[in-house]
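A look at the structure
These are the residues of each chain, in order.
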Amino acid sequence: MKARYKYRFYATDQQQQSLAQLFGCVRVVWNDALAICKQSKKLPSNNELQKLVITQAKKTVERSWLSEVSNIPLQQSVADLGVAYKNFFDSLKGKRKGKKVGSPNFKKKTNQQSARFRIGGFSIKGNEIYLAKIGKINPIWSRVLPASPTSVTVMKDCANRYFLSFVVEIEPININAKNQSIGIDLGIKTFAVMSDGEKAEIPDYSRKDRKIRQLQRKLARQHKGSKRREVTRIRIAKRHNQIADARQDFLHKLSTKVVSENQVIILEDLNVSGMVKNRKLARVISLQGWREFRVLCEAKSEKLNRDFRVINRWEPTSQTCSCCGYRWGKIDLSVRSVLCLNCNTQHDRDDNASRNIEMVGMGHRHDLNRTGSDCKTTPVASCCEPSRITVRDGR
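To keep things clear, this report deals only with the structure shown in the data block. Note that this is a predicted model, so its numbers are computed, not measured. (Residues numbered from 1 in each chain as written. Predicted model: local features only at pLDDT ≥ 70, side-chain atom pairs only at ≥ 80, totals over all residues. Heavy atoms only, no water.)

Let's talk about the overall build of the chain
The secondary structure content of the chain amounts to nine helices and 14 strands. Reported as C-alpha extents along the three principal axes, the dimensions of the chain are approximately 90 × 55 × 45 Å. Within the chain, buried positions represent 41% of all 395 residues. Contacts in the chain between residues at least 24 apart in sequence constitute 70% of all its contacts with a sequence separation of at least 6. Of the roughly 23100 Å² of accessible surface on the chain, 50% is carried by carbon and sulfur atoms. Taking the average location of the 74 positive side-chain charges in the chain and that of its 37 negative ones, the two points are 9 Å from each other. (Helix = DSSP H or I, 4+ residues; strand = E, 2+ residues; numbered from the N terminus. Buried < 20%, exposed > 50% of the residue type's maximum accessible area, 1.4 Å probe, protein only. Contact = heavy atoms within 4.5 Å. Areas by Shrake-Rupley, 256 points an atom, 1.4 Å probe, with all protein chains shown as cover. Lys, Arg positive; Asp, Glu negative; His and termini not counted. Charge placed at Lys NZ, Arg CZ, Asp CG, Glu CD.)

Here it is, written out as structure tokens:
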């Protein structure tokens, strides 16, 4: 399986100029190729695009400076455009899973910049990385590369930070798990509630988020293209990076702990795109990183030979007693504790949901993916509704 290792490096003034020139060339090649694709009735092949936007463009006066950088990132930019169009067409035909993918867009100078080097365009000598026509780079080696990389991507984010990203081939690791299974219920106030009773609190981003909104209002009042607007934009990008780095650190540590200690990891399929349509909760939900946590758990489960499962989103995990299976129906989100009318057990809402997620994922209860009628929920809790497992007289 493939894994990505990312390291930060501090570029010298000369390297910053060379990288800025490389990023500009890669961006221009992408935009030129995309413009040709949009004007053509039939999508050109990668070889045809490379001849038009690289080989022939270098002979013109307007694009003669393309020969001053390495040819490998330019060719890779055209190849990436072909992959982007393939994903777009596969999404239209239904061959690609997940959310619909839009058509490729033109790249901007203010967004994140990147350039990819294949084998032949880079080499590793000790602790130094040599990039063609860029020079030697000394990244901060926070961990050792497990194998020789097949490609390296040099990136610059919106806050002017530089990174090297390596793609390497790794083998799955066999580590014995302490527990058989665990169900995880994701929330807003408490990020994750485990079926074993453990809770994970997410870091507080409220102060940084308020500062971002304040700076965004200031940015809207400044003139486009001014130096002060650029300074404000970088300040906003740095605040966003602080939140993203803190969230990523939290999610990596939590996902590593969950995957390493449990053999089966079970999550609930959340409709995040539908939930963010609620204008009162959209900003808070977007800061949580539920999708990123699911992706990390799935990737690390594959690496450690774990079983990662996702149950249907229509399973009434918050409407069913985890002890006796009695279903009390839909309740308001403000209700955090529920008393089961069948077995008189007091449940914490999130803890009860996490236990139900684990039982459904392990096959102890039926998943509601069977029929469409089962996907409906009652508008309010009903004390006379029978249990989904057993029907008792007088209930």
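Quick look at helix α4 (residues 206–221)
Given 3.6 residues to a turn, an α-helix orients residues that are three or four positions apart in the same direction. Along its 16 residues, α4 runs 23 Å from first to last C-alpha, staying within 8% of the 22 Å computed at 1.5 Å per residue. Turning to α4, its buried residues number three or more, namely Asp209, Ile212, Leu215 and Leu219. Buried positions in α4, seen along its axis, are confined to an arc of 125 degrees and lie on one side of it. Projecting away from the buried face of α4 at angles above 90 degrees are the exposed residues Arg207, Arg217 and Arg221. (Expected span 1.5 Å × (residues − 1). Arc of directions from axis to C-beta.)

Remarks on the sheet that holds strand β1 (residues 2–9)
If you walk across this open sheet you meet the four strands as β1-β7-β6-β2, and the pairing is antiparallel. Two strands bound the open sheet, and with one partner strand each, they are β1 and β2 (113–118). Neighbour to neighbour, the strand axes of the sheet diverge by 20 degrees on average, direction disregarded. Where β2 meets strand β6 (residues 151–156), six bridges bridge the pair, whose relative direction is antiparallel. (Pairing = 2+ DSSP bridges. Axes fitted to C-alpha atoms, helices over the stretch in contact; angles between N-to-C directions.)

What to know about the nonpolar core
Across soluble globular proteins, nonpolar side chains have a tendency to be buried as a group. Counting residues in hydrophobic clusters, the biggest one holds 42 residues, and the most contacted among them are Leu19, Phe117, Leu131, Val154 and Leu164. For this core, the secondary structure elements donating two or more residues are β1, α1 (13–39), α2 (46–55), α3 (71–93), β2, β4 (128–131), β6 and β7 (162–169). If one sorts the elements of this core by residue count, α1 sits on top with 10 residues. When near neighbours in sequence (up to four residues on either side) are disregarded, leucine 19 contacts Phe9, Ala11, Ile134, Val154 and Tyr162. (Core = buried A, V, L, I, M, F, W, Y, C linked by side-chain atoms within 4.5 Å.)

Structural notes on the pairing of β1
Where burial is concerned, the two faces of β1 differ: the one with Ala3, Tyr5, Tyr7 and Phe9 is buried and the one with Lys2, Arg4, Lys6 and Arg8 is not. Here β1 runs beside β7; their pairing, made up of eight bridges, is antiparallel. The residue of β7 that forms the bridge with arginine 4 is valine 167.

Re the pairing of β7
Burial within β7 is extensive, with seven of its eight residues counted as buried. Here β6 pairs with β7 via six bridges, running antiparallel. Note on β7: the bridge partner recorded for serine 151 is valine 167. Linking two consecutive strands that pair antiparallel, namely β6 and β7, is a turn of five residues; a positive phi of about 65 degrees is found at asparagine 160 within it.

A few points about the environment of valine 193
The residue valine 193 is located in strand β9 (residues 192–194) in this model. A relative accessible area of 1% means that valine 193 is categorised as buried. Residues valine 193 and arginine 355, 162 residues apart in the sequence, show an inter-C-alpha distance of 9.5 Å. Aside from chain neighbours lying at most four places away, what touches valine 193 is Gly183, Ile184, Asp185, Glu198, Lys199, Asp350, Asp351 and Ser354.

A few points about the sheet that holds β4
The strand order β3-β4-β5 describes an open sheet built from three strands, whose pairing is antiparallel. Edge strands, defined here as strands with exactly one partner in the open sheet, are β3 (122–125) and β5 (135–137). Across the sheet, the mean angle from the axis of one strand to that of its neighbour is 25 degrees, orientation sign disregarded. Bridging between β3 and β4 involves four bridges; their strand directions are antiparallel. The partner of phenylalanine 122 across the bridge, within β4, is leucine 131.

A short note on the packing of aromatic side chains
Tallied over the entire structure, the rule returns eight aromatic pairs. Ring centres of tryptophan 141 and phenylalanine 166 lie 6.0 Å apart, and the angle between their planes is 25 degrees; this geometry places the pair in the stacked category. Within this pair, whereas tryptophan 141 is found in the loop between β5 and β6, its partner phenylalanine 166 is found in strand β7, the two being separated by 25 residues in sequence. The exposure class assigned to tryptophan 141 is partly exposed, which follows from its relative accessible area of 28%. Among the aromatic residues, ring-to-ring pairing joins Tyr7, Trp141 and Phe166 into one connected group. In this structure, lysine 6 packs its charged tip against the face of phenylalanine 163, placed 4.6 Å from the ring centre. Between lysine 107 and the ring centre of tryptophan 30, over which it is positioned, the NZ or CZ distance is 4.5 Å. (Phe/Tyr/Trp six-rings, centres within 6.5 Å; stacked < 30°, edge-to-face > 60°. Lys NZ or Arg CZ within 6 Å of the ring centre and 35° of its normal.)

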